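These are the residues of each chain, in order.
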Amino acid sequence: MSFGTEGESASRINGIKSTLRIISDFPKPGMLFSDITPLLLDPKAFKDTIDFFVERYKNENISVVAGIESRGFIFGPSIALAIGAKFVALRKPNKLPGEVISENYDLEYGSDCLEMHVGAVTSGDRALVVDDLIATGGTVCAAMNLLGTF
Ligand SMILES: O=P(O)(O)OC[C@H]1O[C@H](OP(=O)(O)OP(=O)(O)O)[C@H](O)[C@@H]1O
Ligand SMILES: Nc1ncnc2[nH]cnc12
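Only a predicted model underlies this, so the values are computations on that prediction, with no experimental measurement involved.

Visitor: Before we move on, can you summarise the overall build of the protein chain with the specific residues and values?
Guide: Looking only at helices and strands, the protein chain has 5 helices and 7 strands in total. Secondary structure of the protein chain in N-to-C order comes out as α-β-β-α-α-β-α-β-β-β-β-α. Computed over C-alpha atoms, the radius of gyration of the protein chain comes to 16 Å, within 12% of the 15 Å expected from 2.2 N^0.38 for 150 residues, which places it in the range of a compact globule. In terms of its C-alpha atoms, the protein chain occupies a principal-axis envelope of roughly 45 × 45 × 20 Å. Looking at the 150 residues of the protein chain, the share that counts as buried comes to 33%. Of all intrachain contacts in the protein chain linking residues separated by at least 6 positions in sequence, the fraction that spans at least 24 positions is 54%. For the protein chain, the computed accessible surface area is about 8600 Å², with 53% contributed by carbon and sulfur atoms. Positive and negative side-chain charges of the protein chain, numbering 14 and 19 respectively, have mean locations separated by a distance of 4 Å.

Next up, the structure:
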């Protein structure tokens, strides 16, 4: 699998971009919400999105793909399977049954917390964090802090 020439790659990226939609004033007035659900309705754009990450990371010795709840769970497992890495769920509070480590963070519309099972990631692991988007960056920073604990 390859993204081919620069032109083919640009065309696929434009195809992916064209499926994304921006909704004004959701979930609160003044916000511009980037909605990925139309991408999921388009099998070619969805597959191109997964393939893009697989192509980029397949030879990077990634041993763990960490998906951020909830939208990171849409993309992360397919990428993990394709590159031969384990998948670790970074979950919202009180969802994981085992011993967890937690990290609080701020969002555009409030604050939240991510949790990960102790032992799911170990010091020799090399991680790829997957989510649908970055807004303030608070969520991905919290994920990296969790992973950096080990
Ligand atoms: O860069 P940030 O400002 O931290 O925002 C980005 C995060 O916000 C969204 O998730 P959200 O917390 O809304 O949860 P959801 O995926 O369950 O809808 C999005 O999926 C990212 O995880
Ligand atoms: N602007 C945005 N669009 C979609 N999801 C988000 N999560 C945080 N900010 C967001």
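Visitor: Lay out the site of ligand 1 in plain terms, naming residues and giving numbers.
Guide: Surrounding ligand 1, one finds 15 residues, the nearest of these being Tyr109, Asp131, Asp132, Thr136 and Thr139. The backbone of glycine 137 places a nitrogen or oxygen atom 2.8 Å from an oxygen atom of ligand 1. Notes on ligand 1: free accessible area 500 Å², of which the protein chains cover 87%. Split by residue class, the shell around ligand 1 holds 5 nonpolar, 5 polar and 5 charged.

Visitor: Give me the lowdown on the environment of leucine 32, citing residues and values where you can.
Guide: By the element assignment, leucine 32 lies in strand E2 (residues 32–35). Placed 10 residues apart in sequence, leucine 32 and isoleucine 22 show a C-alpha to C-alpha distance of 6.2 Å. Excluding residues within four positions of it along the chain, leucine 32 makes contact with Ile22, Ile23 and Ser24.

Visitor: Tell me about the site of ligand 2, and please be specific about residues and values.
Guide: Around ligand 2, the surrounding shell consists of Met31, Leu32, Phe33, Ser34, Arg71, Glu108, Tyr109, Leu133 and Ala135. A distance of 2.8 Å separates a nitrogen atom of ligand 2 from a polar atom in the backbone of serine 34. Here arginine 71 contributes a side-chain N or O atom positioned 3.1 Å from a nitrogen atom of ligand 2. Compared with its free state, where it exposes 260 Å², ligand 2 has 91% of that area covered by protein.

Visitor: Lay out the packing of helix H3 (residues 43–57) against helix H4 (residues 72–83) with the relevant residues and their values.
Guide: Packing of H3 against H4 brings their axes to within 9 Å, and their N-to-C directions diverge by 50°. When the axes of H3 and H4 are compared, the pair comes out oblique. As for how H3 packs across H4, the hand of that crossing is right-handed. Facing Phe46, Thr49, Ile50, Phe53, Val54 and Tyr57 of H3, the residues of H4 in contact are Ile74, Phe75, Ser78, Ile79, Ala82 and Ile83. A class-by-class count of the residues in the contact of H3 with H4 yields 10 nonpolar, 2 polar and no charged.

Visitor: Quick one: what's the story with the side chain of aspartate 132, residue by residue and with numbers?
Guide: By the element assignment, aspartate 132 lies in the loop between strand E7 (127–130) and helix H5 (138–148). Looking at aspartate 132, its side chain comes within polar contact range of the side chain of arginine 71, at 2.9 Å.

Visitor: Quick one: what's the story with H4, residue by residue and with numbers?
Guide: Relative to the 16 Å expected for 12 residues at 1.5 Å per residue, H4 spans 16 Å between its end C-alpha atoms, a close match to the ideal helical length. Among the residues making up H4, those that are buried are Gly72, Phe75, Gly76, Ile79, Ala80 and Ile83. Projection of H4 onto a plane perpendicular to its axis shows the buried side chains occupying an angular sector of 130°, all on one side. Buried residues along H4 sit in contact with helix H2 (37–40), H3, strand E3 (64–68), strand E4 (86–90) and E7.

Calculation rules
Residues numbered from 1 in each chain as written. Chains lettered and ligands numbered in written order. Predicted model: local features only at pLDDT ≥ 70, side-chain atom pairs only at ≥ 80, totals over all residues. Heavy atoms only, no water. Helix = DSSP H or I, 4+ residues; strand = E, 2+ residues; numbered from the N terminus. Rg over C-alpha atoms; globule rule 2.2 N^0.38 Å. Buried < 20%, exposed > 50% of the residue type's maximum accessible area, 1.4 Å probe, protein only. Contact = heavy atoms within 4.5 Å. Areas by Shrake-Rupley, 256 points an atom, 1.4 Å probe, with all protein chains shown as cover. Lys, Arg positive; Asp, Glu negative; His and termini not counted. Charge placed at Lys NZ, Arg CZ, Asp CG, Glu CD. Near = heavy atom within 4 Å. Polar contact = N/O pair within 3.5 Å; in protein donor to acceptor, adjacent residues only side chain to side chain. Nonpolar A, V, L, I, M, F, W, Y, C, P; charged D, E, K, R; others polar. Axes fitted to C-alpha atoms, helices over the stretch in contact; angles between N-to-C directions. Parallel < 35°, antiparallel > 145°, perpendicular 65-115°, else oblique. Left-handed = near helix turned anticlockwise from the far one by under 90°. Expected span 1.5 Å × (residues − 1). Arc of directions from axis to C-beta.

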